[in-house]
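Structural features, examined
Chain by chain, the residues run as shown.
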Amino acid sequence: ERFWMQPALLLVLLAGHGLTELLRIAKLNKSAILPVAFLILAARVHSNYELCDQSENHHVEQFGRHILSHLPNDTILLTSGDLSTNTFRYLTIAEQVRPDVQVLDMSFIGSQWFIPMLGHHLKGVRFPGVAYIHHARHNSRLYNLEQFLDHNLPHRPVFVCLKPRDDTPPLVKYDILPYSFCSQFLPKGAVDPLLYGKQIPAPDLNTYLHQEPNSLGIKHGKMWYCTNIGKH
């Protein structure tokens, strides 16, 4: 787990010390350290490989392809978090799946380095200031979501996936309507929600429900899993 590297470093130091003490107690020479360490690691890999084998896990790819396939042409797709951002960036850039879709991480566009460093890659995206901040009101250098929509929505569709940031203030001039697993921004009152709901694509539940026996798909909002976890 990448968020807990410090405890892992401590564990490595303690494991090394424990291995040294084990060899001392067993009265083995130092040349045995490497083979013993290798055997311990091999045993751990063997005992956990089946549990954490992700070679057949295609949930993230299916999720990304499903969403991208239903977006209108030249969509600006706002994202938040590693899962959605990296999924869509990889597919649009590396796999060339819907390269017309521009992916913007709402955390990144809040940094003043974003436009100078990456803005030239986002053709047609209009930034009304130097950086995004959710509560920008009267600062001419910063802009909020409503101001971003003012500059872009008349020219291109704008969606957010999976949802707007929790700290985003309510929008005055725009509605946020569900669209598959994402949401679409539209001028307030521009469409009848009931008619709109009949026209949008239905979520593909197969991207959330893994069909193989003894395995789990998405759980608690996460799209990674360990197979056969139920029997452990």
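Residues numbered from 1 in each chain as written. Predicted model: local features only at pLDDT ≥ 70, side-chain atom pairs only at ≥ 80, totals over all residues. Heavy atoms only, no water.

A short note on the overall build of the protein chain
For the protein chain, the count of helices and strands is seven helices and seven strands. For the protein chain, the N- to C-terminal ordering of α and β elements is α-α-α-β-α-β-α-β-β-α-β-β-β-α. With 232 residues in all, the protein chain has 34% of them scored as buried. Counting only contacts in the protein chain whose residues sit at least 6 apart along the sequence, the fraction spanning at least 24 positions is 52%. (Helix = DSSP H or I, 4+ residues; strand = E, 2+ residues; numbered from the N terminus. Buried < 20%, exposed > 50% of the residue type's maximum accessible area, 1.4 Å probe, protein only. Contact = heavy atoms within 4.5 Å.)

As for the state of the cysteines
Applying the stated criterion to the full structure yields one disulfide. Residue pairing for Cys161: its cysteine sulfur links by disulfide to Cys182, the two sulfurs lying 2.3 Å apart. Of note, the bridge from Cys161 to Cys182 carries an S-S torsion of about -60 degrees and is left-handed in sense. One end of the pair, Cys161, is in strand β5 (residues 158-161); the other, Cys182, is in strand β7 (residues 182-187), with 21 residues separating them in the sequence. Residue Cys161 is classed as buried on the basis of its relative accessible area of 0%. When its relative accessible area of 3% is taken as the criterion, Cys182 is described as buried. (Disulfide = S-S within 2.5 Å.)

What to know about helix α1 (residues 5-25)
Taking 1.5 Å of rise per residue, 21 residues should cover 30 Å, and α1 covers 30 Å from first to last C-alpha, within 8% of that figure. Lys27 sits one or two positions beyond α1 and adopts a positive phi of about 60 degrees. (Expected span 1.5 Å × (residues − 1).)

Comments concerning the sheet that holds β7
The five strands are arranged β2-β1-β5-β7-β6 in an open sheet whose pairing can be described as mixed. In this open sheet, the two edge strands, each paired with only one partner strand, are β2 (102-105) and β6 (174-179). Taken pair by pair, the neighbouring strands of this sheet meet at an average axis angle of 30 degrees, ignoring direction. Taken together, the four bridges between strand β1 (residues 76-79) and β5 define a ladder with parallel strand orientation. If you follow Thr79 over to β5, its bridge partner there is Cys161. In the packing of helix α4 (residues 82-94) onto the sheet, the strands contacted are β1, β2 and β5, and the crossing angle to β2 comes to about 155 degrees. On the sheet, helix α6 (residues 145-152) packs against β1, β2, β5, β6 and β7 and is oriented at approximately 170 degrees with respect to β1. (Pairing = 2+ DSSP bridges. Axes fitted to C-alpha atoms, helices over the stretch in contact; angles between N-to-C directions.)

Quick notes on a nonpolar patch on the surface
Nonpolar side chains collect at one region of the surface, where Phe108, Trp113, Met117 and Leu118 lie side by side and expose about 370 Å² of accessible area between them. Considering the arrangement of structural elements, one finds Phe108 in the loop between β2 and α5 (114-118). (Patch = residues over 30% accessible without salt bridge, like charges linked within 9 Å, V, L, I, M, F, W, Y side chains within 5 Å. Areas by Shrake-Rupley, 256 points an atom, 1.4 Å probe, with all protein chains shown as cover. Salt bridge = Lys/Arg side-chain N within 4 Å of Asp/Glu carboxyl O.)

Quick notes on the packing of aromatic side chains
Inspection of the entire model under this criterion finds nine aromatic pairs. On the basis of an interplanar angle of 50 degrees and a centroid distance of 6.4 Å, the ring pair of Phe127 and Phe148 is categorised as tilted. Here Phe127 is found in the loop between α5 and β3 (131-132), whereas its partner Phe148 is found in helix α6, with 21 residues between them in sequence. The burial state of Phe127 is the same as that of Phe148; both residues are buried. Clustering of aromatic rings is evident, with ring pairs tying together Phe108, Trp113, Phe114, Phe127, Tyr132, Tyr143 and Phe148. (Phe/Tyr/Trp six-rings, centres within 6.5 Å; stacked < 30°, edge-to-face > 60°.)

So, the side chain of Thr87
Relative to the helices and strands, Thr87 resides in helix α4. Overall, the relative accessible area of 7% leaves Thr87 in the buried class.

Thoughts on the pairing of β6
Judged from the six bridges that link them, β6 and β7 form a sheet pairing that is antiparallel. Each bridged residue has a counterpart across the sheet, and for Tyr179 the counterpart in β7 is Cys182. What sits between β6 and β7 in their antiparallel hairpin is a turn of two residues, with Ser180 showing a positive phi close to 55 degrees.

Observations concerning the confidence of the model for the protein chain
Looking at the protein chain, the pLDDT average stands at 81 and 82% of residues meet or exceed 70. Per-element confidence in the protein chain is highest for β1, whose mean pLDDT is 96, and lowest for helix α7 (residues 193-199), whose mean pLDDT is 80. Below a pLDDT of 50 lies the segment residues 210-232, which in the model reaches 43 contacts outside its immediate sequence neighbourhood of four places, other chains included. (pLDDT = per-residue confidence, 0-100.)

Here we look at the nonpolar core
Within the largest apolar cluster, 20 residues are counted, with the highest numbers of intra-cluster contacts made by Leu78, Leu104, Phe127, Leu145, Phe148 and Phe185. The greatest single-element share of this core, amounting to three residues, is contributed by α6. Excluding its chain neighbours within four sequence positions, the residues that come into contact with Leu78 are Leu104, Met106, Leu145, Phe148, Val158, Phe159, Val160, Cys161 and Phe185. (Core = buried A, V, L, I, M, F, W, Y, C linked by side-chain atoms within 4.5 Å.)

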